[in-house]
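Structure at a glance
Residues per chain, in single letters:
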Amino acid sequence: MKSLKENFQKAHIVIIGSGIIGKFNALELSELGFQITIIDPTEPKNSSYAALGLLMGNMYQKRKGRSWDLRKQSIELWPQWIKSLQKFNSELNIENPLIQLTTNEEKFKKLEKFIYENNDQNLRILERDSIFIKNINKAFQTKNIKGIISLKDGRINPSSLLQTLNKYLRHKKINFSEGEVIKIRKTNNHWISTTRNNEKIKSDIVILCNSLKAVDLIDSISHNITLKPVLGQAMEIDVNDAEVDLLSLPKQFNINSKNIIPKSKNKLIIGSTDEYSTKPEENTFEKLTNFLDKKPNWLMKGKISKKWYGIRSRPDGEPSPIMKNLEDGLIICTGFYKNGILLAPACSKWVANEIKKYLL
Ligand SMILES: Cc1cc2nc3c(=O)[nH]c(=O)nc-3n(C[C@H](O)[C@H](O)[C@H](O)COP(=O)(O)OP(=O)(O)OC[C@H]3O[C@@H](n4cnc5c(N)ncnc54)[C@H](O)[C@@H]3O)c2cc1C
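Read on for a plain summary of the structure. (Residues numbered from 1 in each chain as written. Predicted model: local features only at pLDDT ≥ 70, side-chain atom pairs only at ≥ 80, totals over all residues. Heavy atoms only, no water.)

**Observations concerning the pairing of strand S16 (residues 267-271)**
For S16, a buried count of four out of five residues is recorded, marking the element as mostly surrounded by other parts of the structure. Note that strand S13 (residues 227-238) and S16 share five bridges and pair antiparallel. Counted as the bridge partner of Ile-237 is Leu-268 from S16. The sheet contact formed by strand S15 (residues 258-264) and S16 spans five bridges and is antiparallel. From the neighbouring strand, Asn-259 faces S16, where its bridge partner is Gly-271. In this antiparallel pair of consecutive strands, S15 and S16, the connection spans two residues. (Buried < 20%, exposed > 50% of the residue type's maximum accessible area, 1.4 Å probe, protein only. Helix = DSSP H or I, 4+ residues; strand = E, 2+ residues; numbered from the N terminus. Pairing = 2+ DSSP bridges.)

**With respect to the sheet that holds strand S11 (residues 200-203)**
Pairing within the open sheet is antiparallel, and its three strands lie in the order S9-S10-S11. The open sheet has two edge strands, strand S9 (181-187) and S11, and neither has a second partner. The mean inter-strand angle of the sheet, taken between neighbouring strand axes irrespective of direction, is 20 degrees. (Axes fitted to C-alpha atoms, helices over the stretch in contact; angles between N-to-C directions.)

**Some points on the packing of helix H1 (residues 20-31) against helix H3 (residues 66-85)**
One way to put it is that H1 packs onto H3 with a least axis distance of 13 Å and a crossing angle of 80 degrees. The angle between H1 and H3 places the two elements in the roughly perpendicular class. Only Trp-78, Trp-81 and Leu-85 of H3 make contact with H1, whose side of the interface consists of Phe-24, Leu-27, Glu-28 and Glu-31. Considering only residue class, the contact of H1 with H3 consists of five nonpolar, no polar and two charged. (Parallel < 35°, antiparallel > 145°, perpendicular 65-115°, else oblique. Contact = heavy atoms within 4.5 Å. Nonpolar A, V, L, I, M, F, W, Y, C, P; charged D, E, K, R; others polar.)

**Section: the site of the ligand**
Near the ligand, the surroundings consist of 36 residues, among which Asp-40, Ser-48, Leu-54, Val-181 and Phe-336 are the closest. Within the backbone of Leu-52, an N or O atom sits 3.1 Å from a nitrogen atom of the ligand. Between Gly-53 and the ligand, the recorded distance is 3.1 Å, taken from a backbone N or O atom to an oxygen atom. Starting from 1000 Å² of accessible surface for the ligand in isolation, the protein chains cover 94%. Where the shell around the ligand is concerned, the elements lending two or more residues are H1, helix H2 (47-50), strand S18 (303-315) and helix H9 (340-359). Split into classes, the residues belonging to the shell around the ligand amount to 14 nonpolar, 16 polar and six charged. For the shell around the ligand, the two domains that each supply at least three residues are domain 1 (8-89 + 157-226 + 316-359) and domain 2 (98-151 + 229-315). (Near = heavy atom within 4 Å. Polar contact = N/O pair within 3.5 Å; in protein donor to acceptor, adjacent residues only side chain to side chain. Areas by Shrake-Rupley, 256 points an atom, 1.4 Å probe, with all protein chains shown as cover. Domains from an automatic or database assignment.)

**As for the pattern of salt bridges**
Here the structure, examined in full by the defined rule, presents 16 salt bridges. Two residues, Lys-146 and Glu-105, come together in a salt bridge whose shortest N-O distance is 2.9 Å. Taken as a pair, Lys-146 in strand S6 (residues 146-150) and Glu-105 in helix H4 (residues 105-118) lie far apart in primary sequence, 41 residues in all. Since its relative accessible area comes to 18%, Lys-146 is described here as buried. The exposure class assigned to Glu-105 is partly exposed, which follows from its relative accessible area of 40%. Of the charged contacts in the structure, one is a salt bridge between Glu-180 and Arg-196, with a shortest N-O distance of 2.7 Å. Taken together, the residues span a long stretch of sequence, with Glu-180 in the loop between strand S8 (175-177) and S9 and Arg-196 in the loop between strand S10 (190-195) and S11 at a distance of 16 residues. A relative accessible area of 31% places Glu-180 in the partly exposed class. Connected through shared salt-bridge partners, Glu-236, Asp-238, Lys-267 and Lys-306 make up one network. (Salt bridge = Lys/Arg side-chain N within 4 Å of Asp/Glu carboxyl O.)

**As for the packing of H3 against helix H6 (residues 158-171)**
Axis separation between H3 and H6 bottoms out at 10 Å; the angle between their running directions is 65 degrees. The element H3 and its partner H6 pack so that their crossing is left-handed. In this structure, H3 contributes Trp-78, Ser-84 and Leu-85 to the contact, and H6 contributes Leu-161, Thr-164, Leu-165 and Tyr-168. Its residues assigned to classes, the contact of H3 with H6 shows five nonpolar, two polar and no charged. (Left-handed = near helix turned anticlockwise from the far one by under 90°.)

This is the structure we're talking about:
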């Protein structure tokens, strides 16, 4: 019988969880020719569909360490992936630029320092008389908003991205199974993933991409990993006020840590919160609009037309994300409480390299 090494491309890989991380891993590994099965019971309810899709890579101020390395690699990989994904959806794109704003003088000084020290043509301070700053201050009825622009950061529409990934994965003949995995165990060099319906799926490798629930499938004594749930909320607001034209604002920006995406002249999306919780409270509007000392009238009068949330996983006691080779043929890729969309390409590259090392 041929060994797994000789049968490199015949290896069967099970990916548990079909959020952005599971899908990107499937994509990366399918390019290497592996047979892949993704298992997930409730895919469209995951936190990836709830995301706003901002890709804050170049704006990240810490320019060393693992976090920066993952960002840097993802920034490089995204344009290549967009090109491949456009074969399945020609409209899929990253909309640039991304604007980061603050009303806090100290935070602005830090941003200024970051820009001067980095000397990157794609990162600039927004001048007081720039059209962006003028329109933003006018719309938010203040004079105090200042910030920076990153020409290379931007936004991708998450649901469009996830649907396009599904098309790509189907084209690559990836198997989708709708089960909830309740147990994984190793027997004779194979992994058996058992679903709640008692379906048993045999594979050579298992990758845990099922966010918070990943820890339920591993031995807590050998692998000391703790994940905490982080709630992220977002809402779409209808603004029925002739005094503001939301389309005069940039396409995507962030003020005092709230992300804002104008959708039309009188509709905008605001997100997201980051509290340790699994249940949204009733005061979503208050929480998401408290980014300025004084709200403009049109925002105060705004009405929520849609609201949604997602539960993400944050590692406790170690940095996010968790990417580990737990034992032969078992990899965990979880703990993306923020920036999972941005980091997906670099993380799946890491997983693919680990698998190559294991098999070759
Ligand atoms: C409101 C909001 C806004 C956000 N905005 C941004 C943003 O602008 N930019 C950005 O980069 N990130 C953003 N994020 C973060 C981003 O959404 C996450 O980092 C990312 O979605 C994590 O992806 P994931 O694949 O790890 O998890 P998920 O998308 O949650 O996927 C995990 C999957 O595992 C499945 N699963 C669980 N248990 C099992 C089991 N036992 N068997 C099988 N399957 C299982 C679940 O059904 C789920 O589909 C935002 C998040 C929220 C909530």
